[in-house]
Amino acid sequence: MRDYTTFIPEYVAAGGAILVIAVELIWPNMRKDLLAYMTAFVAAGWAIASAAFIGMEPRSFQGLIQLDNFTTYFRFLASGIVLVTALMSAGYMRERTKTAAEYYGLMLIAGIGMVYMAAARELITAYISLELLSFCLYVLVGYLKRDSLSSEASLKYILLGAFSSAMFLYGASLIYGIAGTTSYDGIANALATRGAHTDAAVIVGFMLILAGVGFKVSAVPFHMWAPDAYEGAPMPITAFLSTLSKAAGFGLILRLFSGAFITDALEWRWTFALLAALTMTAGNLLAIQQTNLKRLVAYSSIGQVGYMLVVIAAIGYGDAEIGRNATSGLLLHITGYIISTLALFTALTAYYNKTGNDTVAGLKGLAETQPFLALVITVSLFSFAGLPFFAGFATKLFMFQAATTTELLWLIGLAVLNSFISLYYYLMIIRQMYLFEPAPEIQRFKVNPLLWGLGSVLMLGVLFIGVYPGPLFHGAAKAARPLFEQSASSTGIAKQP
Amino acid sequence: MTFDEAQGYVVLATLAAPLVAALILLFVPSENKMLVRYVSAFFAAVMLGCSIYIFTAFQANGGGLQMQLRWTWVENVAFLKKDGISLYLGVDGISATMALLTGIVAFAATLTSWKLEYRNKDFFLLFWILVGGVYGTFFSLDLFFFFFFYELAVMPLYLLIGVWGSTRKEYGALKLTMMLVGGSVLMWIGIFAIFHEANLGTFDMVKLWAAGKDGTLDPTFQKTFFPFLVVGCGVLAALWPFHTWSPDGHMSAPTAVSMVHAGVLMKLGAFGIIRLGIQMLPVGAAFWMPGVMALGVIGAVYGAMAALTQRDFKLISGYSSVSHMGYVLMGLATMNQIGVTGAVLQMFSHGVMTALVFLMIGALYDQAHTRDLKDFGGIAKVMPVWVVMYTIAGLANVGLPGLSGFTAEFHIFVGTFETYPLFGGLAIFAAALAAAYMLRMFATVFFGPFNPRWSALKDVTPLEATAGALLIGAMVFMGVWWAPFTDRISMAVLSLPGVTG
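The following paragraphs examine the structure supplied in this document. If you're wondering where the values come from, they're calculated on a predicted model, not measured in any experiment. (Residues numbered from 1 in each chain as written. Chains lettered and ligands numbered in written order. Predicted model: local features only at pLDDT ≥ 70, side-chain atom pairs only at ≥ 80, totals over all residues. Heavy atoms only, no water.)

For the rest of this paragraph, the subject is the packing of helix α5 (residues 143–154) of chain B against helix α11 (residues 255–278) of chain B. All names here are of chain B. At a minimum axis separation of 11 Å, α5 and α11 run at an interaxial angle of 160 degrees. With respect to their mutual orientation, α5 and α11 come out roughly antiparallel. Where α5 crosses over α11, the two elements pack in a sense that is left-handed. Contact residues: α5 offers Leu143, Phe146, Tyr150 and Ala153, while α11 offers Leu265, Leu268, Phe271, Gly272, Arg275 and Leu276. A per-class count over the contact of α5 with α11 returns eight nonpolar, one polar and one charged. (Axes fitted to C-alpha atoms, helices over the stretch in contact; angles between N-to-C directions. Helix = DSSP H or I, 4+ residues; strand = E, 2+ residues; numbered from the N terminus. Parallel < 35°, antiparallel > 145°, perpendicular 65-115°, else oblique. Left-handed = near helix turned anticlockwise from the far one by under 90°. Contact = heavy atoms within 4.5 Å. Nonpolar A, V, L, I, M, F, W, Y, C, P; charged D, E, K, R; others polar.)

Structure follows, in structure tokens:
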């Protein structure tokens, strides 16, 4: 049955996107920050509409799109990220552009792309969602077209992104060649019963798909675009890239590898372990040398991706129970990471709006000139480093504990060691803010009340998850469950879409 | 509600007091420096009162864990089964003693910091987070929260030393933080492995202790992971050769932080070795303890010899701390009742003694702005009270009978001679060296020819004198009448797995 009510939340979002664009067409001279508030309002509506789906029986749309708690979880993440980033952009975009409607509209659409990446249970649908997200991001990264850095970033991102999409497609076609179907369940069945002579094709197919999604989540060695895109993009879009695009990538990876490819885990799991080890180590070591804040965050988020990839490796190594637990841990951690990152960028945006400076050294003496921003930045950095009272401590501990299997203990050890390395460069930022006096020409300044409020709320969120992660962890566990129930009983649903 | 549970709320209040103080300070305007001080002093008094209560109300002949309180925090989700993680507090004889130490030192440190003017709100805020972490580690019976508070205690040190410190403070702060967090990396790995190996779905330490005893944690596993936990905690306990943060860190730290850090925080490391090493991995402990003994002896002798060559007051105390923590490790490594009891006594004794030493150094440095021994001479003429107090601390350091150092070291030496006579001899050699570096300092600084450059020095302030008197009181008390301590500690020690009577 074609149940179109499944998509109600995204009707809200897409309708809102069209509305935002239309409004500016009708009143071209309107205040651009009103568009931001509209977008935030739409995103809130999107979240409320999604709330109606909590705990609902899993249902499938033609075998293409699965609506279950996992999808709902990603709906909340997507709408939340869009809401916060839109508010963050209000002042920033108002000062820098004459037309902002597309900017906000594309943000909403990118969010929709993310949801369907997590919801897709069929390769073509997954690919189209991935492209929907990517194209929105290409435009958003290059939105400040008079800024050559922004255009350069966008070009680089498009070229490498298109390349990675091609790899993904090529890998998907190889898998299709063996399975004869693009549906995840069909692939899982076909891979379980395939002959040994197909080994080469399957492995190449896996590696190409892995490279494709590796680009999206910026795993080493497919990370080259990230620092440049982060640096050139408008500040709120940098936040958007490091939260939404990563979460979306993991949504797709989780659904795909725990569903379609789980029956052949032997062939890909070691790659994820290797990729995780490389990504976290390279990300953290390269972050040490950065002097630009956005680039530093880019590398630090690459390091974070490395930790998250440990979970995917654990899904491959462990049984369904470990997979489910590890996925719960990952969803919890990714949420904590998103909130911390958004808090960090809210503070950085507020700071950038006042000073136009985005270097680490520029933060010198921030504790004197603007103690609130210094506090928010410190809280989010400590959360990244995994210090207690902040989200990162509990979420990281839960995620790693859930992913601990005898085969992967070395990787967990490496991950903890990496989070120790990361503390060093986070302390280098904190050192600038707290240990030094500000440069004499910099005066104490006030923060825009909207960003102040946003920063406070996000900071409290980081503290709440750090102090009482129970409720969110339960939510994450509920969201993770459907992934592994399906793979256990994946027989004969939806042969052809 | 049983009486024991009601007492559990006292434990909770003791833990909550510093954190609440930090929270309140967040809303005190930073210009109002007096209010900051009053709030801090009030909560310090509460903590001291609660700590004394916990120590006195702890039933020495009852033994075991008392004043337990458990609130479920997260359970029945993913890998966590029933009682997965709970805020599970309780004290045994060892942690009751440590709580008393924390209360005394934190109170003394608050009085010492009274004169601090520069950003004193931020200072106290971070300071109370540090103290909260310390209390939490001593009281936690849940592995998750144990580690949570352990990390919490380390976290504020970077800023406390970096902002308010002296002498190469950035270097000292960074080195200290990175080394301590590096130690917790090992602990973290150990904790993951233990939880996975025990496979109980809970972080409840009492259950994990049982798992260590009954072999649920495989003997080979225990032998493999004991070094992770002991080196991890050992970094904080200045285990040689991971002690190098200690002299630099202490040299850079502001007075109150030095007091709490050397006085209490280093004990967290030794406490962690008891809780995670001896109690959770008893087979591993039995296997590795000779190694810990060797490192402890090296630390004791090396620290004393290094202190002998230093000219900076704080470096002398820093190395002397390494030496005394070496005794603690030796005491733990004896694995007999008297030796381990001595180790805990030494933790207390060194805590109050070194806090007094750093308090006195701070009182001098604030006026003189130098800490080089060679610059001073005949200080006794201008700062008589200061000299008396410092001398008492120094004599406790040397192990003069009648002061706490003697009680503690005597127990340790007896215990060591029982199991490792050779090492016992070396330890006494280290004690002799302690006498040498202390007396050398007394001679040049306190008594030698008076250097007229210092005629303007003032004696300790009344607040500093009060703080000093409190610490001296604790030292004399333990030195003269140690039964309240040994009763509580030795019962707890005897219940540790693998400890012989």
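A few words on unusual backbone geometry. The residue after Val220(A), namely Pro221(A), is reached through a cis peptide bond having omega 5 degrees. If you trace the backbone, Pro221(A) turns up in the loop between α8 (199–216) and α9 (225–232). A cis amide bond links Trp240(B) to the next residue, Pro241(B), at an omega of 0 degrees. Following the sequence through the fold, Pro241(B) ends up in the loop between α9 (219–236) and α10 (245–252).

With that settled, consider the interface of chain A and chain B. Contacts between chain A and chain B engage 46 residues on the former and 38 residues on the latter. Of the roughly 3,800 Å² buried at the junction of chain A and chain B (both faces included), carbon and sulfur atoms supply 80%. Looking only at chain A, the three residues that lose the most surface to chain B are Gln401(A), Phe420(A) and Leu435(A), adding up to 17% of its buried area. Applying the counting rule to chain A against chain B returns two salt bridges. Its salt-bridge partner being Arg119(B), residue Glu368(A) comes within 3.5 Å of it at the nearest N-O pair. Where chain A touches chain B, the interface holds seven residue pairs in polar contact (both at pLDDT 80 or more). Listing elements by their share of the side of chain A that touches chain B, those giving two or more residues are α13 (320–355), α14 (366–369), α16 (391–403), α17 (409–435), α18 (449–467) and α19 (470–488) of chain A. (Buried area = accessible area lost by both parts, 1.4 Å probe. Salt bridge = Lys/Arg side-chain N within 4 Å of Asp/Glu carboxyl O. Polar contact = N/O pair within 3.5 Å; in protein donor to acceptor, adjacent residues only side chain to side chain.)

Here the focus is the side chain of Arg275(B). All names here are of chain B. Tracing the backbone shows arginine 275 in helix α11. You can call arginine 275 buried: its relative accessible area is 0%. Excluding its chain neighbours within four sequence positions, the residues that come into contact with arginine 275 are Asp92, Ser95, Phe138, Leu141, Phe146, Met205, Trp209 and Met280. (Buried < 20%, exposed > 50% of the residue type's maximum accessible area, 1.4 Å probe, protein only.)

Residue and element names in this part refer to chain A. Closest axis-to-axis distance for the helix α1 (residues 8–26)/helix α2 (residues 32–51) pair is 8 Å, and the angle between their directions is 170 degrees. Our classification of the angle between α1 and α2 gives roughly antiparallel. For the pair α1 and α2, the sense of crossing is right-handed. Together, Pro9, Glu10, Val12, Ala13, Gly16, Leu19, Val20, Val23 and Glu24 of α1 and Lys32, Leu35, Met38, Thr39, Val42, Gly45, Trp46, Ala49 and Ser50 of α2 make up the contact between the two elements. Looking at side-chain class alone, the contact of α1 with α2 contains 11 nonpolar, four polar and three charged residues.

Turning next to the nonpolar core. The biggest cluster of nonpolar side chains holds 410 residues, and the ones touching the most others in it are Phe261(A), Trp128(B), Phe144(B) and Trp386(B). Top contributing element to this core by residue count: helix α14 (residues 337–368) of chain B, with 18 residues. (Core = buried A, V, L, I, M, F, W, Y, C linked by side-chain atoms within 4.5 Å.)

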